[in-house]
Amino acid sequence: VRSRGLGDVYKRQEHSERIDEVLNEIYRVLKPGGKALIGVPNLLDPFFRYPMIKIMMFLNIYPFGKEDSFSISKLRTILRENGFKIIGTGSLIFLPAFIRILDLFFYKHIPFLSKLTGVFYKPFMFLKNKIKRFSMSGYMIYAVVQKVL
């Protein structure tokens, strides 16, 4: 988070044992009226990312340590409790994890094949953009917040 009044926080706070402390620090460094983009894993991801992560954590094979997921209502609640004004919310990456992992593997190891996985993205993007129920169903949810003046 930059003290100029604009920041983004992804893939950090869900690994903290004390999320309130993380959010308090974000709030502290923002200028009055400053904005931040705060993203966390979606507890209600329809492709079961949360249970997969919990199983991998239990088996000690998840490489990122502790991780919590949040519903959009829980995210809104903790952000308001920490003094933020919520400007907007949304979600990212609405597709099954195996497609995303395959795409990342191709991108890194066989780049010309990563164009093929783009075909798999299209039906999921259509659903997310055209059916309201899926609009907040990505595996990441986010909120744009502002420090109250």
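For the structure, see preceding data.
Before going into details, it helps to say that this report is about the structure given with it. The model shown is predicted, which means the values in this text are computed figures rather than measured ones.

For helix α4 (residues 97-109), with 13 residues, the first-to-last C-alpha span of 18 Å sits near the 18 Å given by 1.5 Å per residue. Buried within α4 are the following residues: Ile99, Asp103 and Phe106. The buried residues of α4 occupy one face: seen down the axis, they fall within an arc of 65 degrees. Turned more than 90 degrees away from the buried face of α4, the exposed residues are Phe98, Ile101 and Lys108.

Summed over all chains, the structure comprises six aromatic pairs. Aromatic side chains phenylalanine 47 and phenylalanine 94 sit 5.2 Å apart centroid to centroid with 45 degrees between the ring planes, which places their arrangement in the tilted category. Separated by 47 residues along the polypeptide, phenylalanine 47 in the loop between β2 (35-41) and α2 (49-58) and phenylalanine 94 in the loop between β3 (84-92) and α4 bring together distant segments of the chain. Taking the relative accessible area as the measure of exposure, phenylalanine 47 reaches 22% and is therefore partly exposed.

Another aspect to go through is the nonpolar core. Leu23, Ile26, Ile38, Leu75, Leu79, Phe84 and Val145 are the most contacted members of the largest nonpolar core, which has 16 residues in total. Elements with a contribution of two residues or more to this core: α1 (19-29), β2, α3 (72-81) and β4 (140-147). The dominant element in this core, judged by the number of residues it contributes, is α3, at four residues. Those residues in contact with leucine 23 that lie beyond four places of it in its chain are Ile38, Ile78, Leu79, Asn82 and Phe84. Core analysis: the second largest hydrophobic core is formed by five residues, Phe94, Ile99, Phe124 and Phe134 among them.

What counts, and where the lines are drawn
- Residues numbered from 1 in each chain as written.
- Predicted model: local features only at pLDDT ≥ 70, side-chain atom pairs only at ≥ 80, totals over all residues.
- Heavy atoms only, no water.
- Helix = DSSP H or I, 4+ residues; strand = E, 2+ residues; numbered from the N terminus.
- Expected span 1.5 Å × (residues − 1).
- Buried < 20%, exposed > 50% of the residue type's maximum accessible area, 1.4 Å probe, protein only.
- Arc of directions from axis to C-beta.
- Phe/Tyr/Trp six-rings, centres within 6.5 Å; stacked < 30°, edge-to-face > 60°.
- Core = buried A, V, L, I, M, F, W, Y, C linked by side-chain atoms within 4.5 Å.
- Contact = heavy atoms within 4.5 Å.

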